[in-house]
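# Fold and contact review
Here is how the chains run, residue by residue.
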Amino acid sequence: MPATTAIDEAGPAPAAAPAAAPSFGTLALRWYRLNRAGLRAIAIGIISLLAFLLVWHLLTTYRVVFFVRFTNVPSPLAVYASFTKAIHDPKFLMHIVLSCRRIFIGFSLAAIVGVPLGLIMGRFKLVHEIVFPVAEVLRPIPAIAWVPMAIMLWPTNEQSIVYITFLGSFFPILVNTLHGMSLVDPVLVRAAQCLGARERSIFREVYFPASLPHIFTGLTVGMGVAWVSLIAAEMISGQYGIGYFTWEAYSLVQYADIALGMIAIGVLGLGSSMLIRGAGQLVMPWRLK
């Protein structure tokens, strides 16, 4: 009997059974294995914060005095009560909005000026020799020392505070960008030149991508210093802002508001740094792990 006849008599081969969809438990276990490290970090962070709050509560409840005095430090519950009252106060929200606006303007100007200047200084030796000595003389001057000069330079307090914020973030951005340019592999530059790339293409395709990690490091550090500079300026010469709110609370002996202002500064600074890190991950996807 021919093979084809035997196959016809046997009939068509049975179809393979469709694969069963994975259960919810399987998917959950798979997701946990993929995100185990991140979940562990979140859990440790939550435990650390809870432990900090517990220690803070005990020290303030029992008014501990051991080198450091906790007699007048507000408890976490008092700060929470101050927070629930402040979030319904338009003036407190206005302080936060004005501080964020000053940070945005000052930091943006510092990034717009600092990053291109650092790239140019790293590429052209003459520009580096002209600008670097001046930058190194001005860089160690703290932001609080700039307050009297800023008041004389600018016609309004708002402009002087933005200027101090700009200075605080400018130098970390400039120095880190310059450092990133100095670490670019010269082999990559020579390879681009051998392939016929012009100066503009080398700058865009070699120097800038290679310096991006250091640029974002400078932006992150600059954001932290910008908040330090802003708070110092608002405490001394400001009339609004979260720094002024904190200093006014101290003047009025409102200790819970002092802690609230400090926590608000920390949360705003953390959020700003997270935004920069997120932008860095979008711009540099090759660095994602």
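This structure is a prediction, so every number in the text was calculated from the model and none was measured.

Cut-offs and rules
Note that residues are indexed from 1 along each chain, following the sequence as it is written. Reporting in this predicted model follows two pLDDT cut-offs: at least 70 for local features of residues, and 80 or more for side-chain atom pairs to be given and counted; totals over whole chains, interfaces and linings ignore these cut-offs and use all residues. Computation of side-chain values: all heavy atoms of the structure, hydrogens and water removed. We count a stretch as a helix when DSSP gives it H or I for four or more residues in a row; a strand needs E for two or more, and each element gets its number in order from the N terminus. Here the radius of gyration uses the C-alpha set of atoms, whereas the globule reference equals 2.2 Å times the residue count to the power 0.38. Only heavy atoms matter for contacts: two residues are in contact if any of them lie within 4.5 Å across the pair. All accessible areas in this document rest on Shrake-Rupley with a 1.4 Å probe, and a residue is counted as covered only by the protein chains that are shown. Note on charges: Lys and Arg go in the positive column, Asp and Glu in the negative column, and His and the chain ends are not counted at all. Taken as the charge centre is NZ of Lys, CZ of Arg, CG of Asp or CD of Glu, depending on the residue. Each patch is assembled from residues with relative accessible area greater than 30% and no salt bridge, linking like charges that lie within 9 Å and nonpolar side chains (Val, Leu, Ile, Met, Phe, Trp, Tyr) that lie within 5 Å. Put simply, a salt bridge is a Lys or Arg side-chain nitrogen that is within 4 Å of an Asp or Glu carboxyl oxygen. Here's how the labels work: a residue is buried when its accessible area is under 20% of the maximum for its type, exposed when over 50%, partly exposed in between, all with a 1.4 Å probe on protein chains only. Axis lines are fitted through C-alpha atoms, for helices just across the contact stretch, and the angle between N-to-C directions can take any value from 0 to 180 degrees. Two helices crossing with the near one rotated counterclockwise from the far one by less than a right angle form a left-handed crossing, whereas a clockwise rotation gives a right-handed crossing. Definition used in this section: a nonpolar core is a set of buried Ala, Val, Leu, Ile, Met, Phe, Trp, Tyr and Cys residues joined via side-chain atoms within 4.5 Å. Pairs of N or O atoms within 3.5 Å make up the polar contacts considered here, provided that, within protein, one atom can donate a hydrogen while the other can accept it, and that residues adjacent in sequence are counted only when both atoms are side-chain atoms. Per residue, pLDDT measures the predictor's confidence, with a range of 0 to 100. The arc in question is traced by the directions running from the helix axis to the C-beta atoms. Stacked, edge-to-face and tilted are the three classes for Phe, Tyr and Trp ring pairs, Trp counted by its six-membered ring, which pair at centre distances within 6.5 Å; planes under 30 degrees apart are stacked, over 60 edge-to-face, the rest tilted.

## Considerations on the overall build of the chain
Along its length, the chain carries twelve helices and two strands. Helices and strands appear in the chain in the N-to-C order α-α-α-β-β-α-α-α-α-α-α-α-α-α. A globule of 289 residues ought to have a C-alpha radius of gyration of about 19 Å, yet the chain, at 29 Å, is considerably larger. Counting only C-alpha atoms, the chain reaches 105 × 65 × 40 Å along its principal axes. Look at the contacts in the chain between residues 6 or more apart in sequence, and 67% of them connect residues 24 or more apart. Counting every atom, the chain has about 18,600 Å² of accessible surface; 71% of that belongs to carbon and sulfur. Of the charged side chains in the chain, 20 are positive and 12 negative, and the gap between their average positions amounts to 7 Å.

## A short note on a nonpolar patch on the surface
Residues Ile-42, Ile-46, Leu-50, Phe-52 and Leu-53 make up a contiguous nonpolar surface patch of about 500 Å² in total accessible area. Here Ile-46 shows up in helix H3 (residues 36–61). Relative accessible area serves as the criterion here: at 46%, Ile-46 is assigned to the partly exposed category.

## Remarks on the pattern of salt bridges
Counted under the stated rule, the structure contains five salt bridges. Sharing partners across several salt bridges, the network here consists of Arg-101, Arg-102, Glu-158 and Glu-234.

## Focus: the packing of helix H5 (residues 90–123) against helix H8 (residues 157–182)
The angle between the axes and the distance between the axes are what describe a pair of packed helices. It is the contact of H5 with H8, at a shortest axis distance of 7 Å, that shows an interaxial angle of 30°. For the element pair H5 and H8, the recorded crossing hand is right-handed.

## What to know about unusual backbone geometry
Negative phi characterises most residues that are not glycine, and trans characterises most peptide bonds. Phi at Phe-67 takes a positive value of approximately 65°, unusual for a residue other than glycine. Its place among the elements puts Phe-67 in the loop between strand S1 (65–66) and strand S2 (68–69). Although it is not a glycine, Val-253 adopts a positive phi angle of roughly 55°.

## Remarks on the nonpolar core
Ranked by size, the top nonpolar core spans 52 residues in total, and within it Phe-92, Ile-164, Leu-219, Trp-227 and Ile-242 carry the most contacts. The set of elements that each furnish at least two residues to this core consists of helix H4 (76–86), H5, helix H7 (147–153), H8, helix H9 (186–194), helix H10 (199–237), helix H11 (242–251) and helix H12 (255–283).

## Section: the side chain of Thr-60
Structurally, Thr-60 is set in helix H3. The buried category is assigned to Thr-60, whose relative accessible area is 3%. Within polar-contact distance, the side chain of Thr-60 engages the backbone oxygen of His-57 at 3.1 Å. Excluding residues that lie within four positions of it along the chain, Thr-60 makes contacts with Phe-70, Val-73, Pro-74, Ser-75 and Pro-76.

## Let's talk about the environment of Val-184
Tracing the backbone through its elements, the reader meets Val-184 in the loop between H8 and H9. As a C-alpha pair, Val-184 and Thr-61 span 123 residues in sequence and 55 Å in three-dimensional space.

## Quick word on the confidence of the model for the chain
Looking at the chain as a whole, the pLDDT averages 87, with 91% of positions reaching at least 70. For the chain, helix H1 (residues 3–10) is the element with the lowest average pLDDT, namely 51, and H5 is the one with the highest, namely 94.

## Thoughts on H4
At 3.6 residues per turn, the α-helix brings residues three or four places apart onto the same side. Of the positions making up H4, those classed as buried are Pro-76, Val-79, Ser-82 and Ala-86. Down the axis, H4 shows its buried residues gathered within 120° of arc, on one side only. For H4, the exposed residues set more than 90 degrees away from the buried face come down to Leu-77, Tyr-80 and Lys-85. Contacts made by the buried residues of H4 are with H3, H5 and H12.

## A word on H9
Capping of H9 at its N-terminal end is provided by Asp-185; its side-chain oxygen lies 3.1 Å from the backbone amide nitrogen of Val-187. Once H9 finishes, Gly-196 follows within two positions and takes phi at roughly 90°, a positive value.

## So, the packing of aromatic side chains
In this description, a pair of aromatic rings is defined by centroid distance and the angle of the planes. The full count for this structure, using the stated rule, is ten aromatic pairs. Where Trp-154 meets Tyr-163, the ring centres are 5.6 Å apart and the plane angle is 50°; that geometry is what we call tilted. Look at Trp-154 and you get partly exposed, because its relative accessible area is 34%. Ring geometry for Phe-170 and Phe-171: centres 5.1 Å apart, planes at 70°, overall edge-to-face. Judged by its relative accessible area of 10%, Phe-170 is buried. Classification of Phe-171 as buried rests on a relative accessible area of 9%.

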